[in-house]
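Working through the structure, step by step
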Amino acid sequence: MAKISAIICTHNRDNYLGAAIDSLLGQDFPGSFEVVVVDNASTDRTREVVEARYPSPNLKYVYEPVTGLSVARNTGAKAASAEILAYLDDDAVASSQWLRVLQEAFQSNEKLAIAGGKVTLIWPEGITPPKWLSPELSGNLGYYDLGDSVVYINQPGLTPRGLNYCIRRTFLEQIGGFDTNLGRVGKKLLSNEELHTTELAIKQGWQVAYLPEALVAHNVAPERVRPSWFIERGWWQGISECYREQLAGQAGLRQIRKGSDRMIRGVYKSLKNIADPAKRFDNFVYAYAQIGYLGAAIQGMISTK
């Protein structure tokens, strides 16, 4: 049996997928491991990209016809054989020590439920970070850096990024898998599934860790280097946050008050920082996210009547 299973959930990313798989097959790992690729209803050359890397004894292809990142992650967990499940995005590249660092952390700490590492960004050729992009908004592109030391996380908002996310199987089974009400589905940019899972781990007395040496680099797709993408992403982030709170039993009028207050605060800070393009846009996106949040909160109240 493999000591650790690396899982890539992919949907129509054949241009990036090969590099992601190769970064896993080339791991500096002292022991057995496997790579599970979950093809989530792709219509491109995904299967061909995987089959081009056969025969590799530790590479497995699984097809999942129901679209949804959380669905695909649960399918990957079922197909994997190891107790430790390491999720890598299909447009990311893992450092050579990635699996080793993760496996050693879980092996040495039986209370560790979730871990993830630092994420750097790979910018497309000819594109540099725009002036309107703040370090905080870079997180929407996957950027994640809590420093160069191990950090044990007690605030769910600091959760490791889903593109570099490792979880213990026994804990995942304990909570019934990734919640399929959260996580990206096609072009719906729902998120917060990792935040929700991390929140459950902390509440139940498990540990969550940031491991800086478990390094992954994430490709920035050219279409994401546009203000409109961040605005849409913010709107879906607001919806995701509302859903997460509803799952935690925090629905109701308090969400209306909270969303309204945050929207006003975001607009105020955006106007206050009008001379700073990064801070101005960051706060505008934050305010816009509250529209999605409030819409989902109102819809939730209506549907429960």
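Within every chain, residues take consecutive numbers counted from 1 along the sequence as written. Since the coordinates come from a predicted model, pLDDT governs what is reported: local features require at least 70, and pairs of side-chain atoms require 80 or more to be given and counted, while whole-chain, interface and lining totals use all residues. Working from all heavy atoms in the structure, the side-chain values ignore hydrogens and water.

Digging into the pattern of salt bridges
A side chain of one charge can pair with a side chain of the opposite charge when the charged atoms of the two come close. A carboxyl oxygen of Asp or Glu within 4 Å of a side-chain nitrogen of Lys or Arg is what we treat as a salt bridge. In the structure shown here, the tally under the stated rule is 11 salt bridges. Arg 13 serves as the salt-bridge partner of Asp 90, at 2.8 Å between the closest nitrogen and oxygen. With Asp 90 in the loop between strand 4 (84–88) and strand 5 (92–94) and Arg 13 in the loop between strand 1 (4–10) and helix 1 (14–25), this residue pair connects regions lying 77 residues apart in the sequence. Here Asp 90 matches Arg 13 in class, with each residue buried. Here Glu 34 and Lys 60 are joined by a salt bridge, their closest N and O atoms 4.0 Å apart. Of this pair, Glu 34 sits in strand 2 (residues 33–40) while Lys 60 sits in strand 3 (residues 59–64); the two residues are 26 residues apart in sequence, bridging distant segments of the chain. By definition, any uninterrupted DSSP run of H or I lasting at least four residues is a helix, any uninterrupted run of E lasting at least two residues is a strand, and each is numbered from the N terminus. Burial classification: accessible surface area is computed with a 1.4 Å probe over protein chains only, and a residue below 20% of its type maximum counts as buried, one above 50% as exposed, and the rest as partly exposed.

What to know about the packing of helix 8 (residues 227–247) against helix 9 (residues 253–272)
Closest axis-to-axis distance for the helix 8/helix 9 pair is 12 Å, and the angle between their directions is 150 degrees. In terms of orientation, helix 8 and helix 9 fall into the roughly antiparallel class. By crossing handedness, the relation of helix 8 to helix 9 is classed as right-handed. Side by side, helix 8 and helix 9 meet where Glu 241, Cys 242, Glu 245 and Gln 246 of the first sit next to Gln 255, Lys 258 and Arg 262 of the second. Polar here means any residue outside two lists: the nonpolar Ala, Val, Leu, Ile, Met, Phe, Trp, Tyr, Cys and Pro, and the charged Asp, Glu, Lys and Arg; Gly therefore counts as polar. Its residues assigned to classes, the contact of helix 8 with helix 9 comprises 1 nonpolar, 2 polar and 4 charged. The axes used here are C-alpha line fits, helices contributing only the stretch in contact, and every angle between their N-to-C directions lies in the interval 0 to 180 degrees. The scheme is simple: roughly parallel for angles under 35 degrees, roughly antiparallel for over 145, roughly perpendicular for 65 to 115, oblique for anything else. Two helices that cross are described as forming a left-handed crossing if the nearer one is turned anticlockwise from the farther one by less than a right angle, and a right-handed crossing if clockwise. Residues are treated as being in contact if the distance between any of their heavy atoms lies within 4.5 Å.

So, the state of the cysteines
Two cysteine sulfur atoms make up a disulfide if the distance between them is within 2.5 Å. Taken as a whole and assessed by the stated rule, the structure comprises 0 disulfides. As a non-bridged cysteine, Cys 166 has Cys 9 as the owner of its nearest cysteine sulfur, 13 Å distant.

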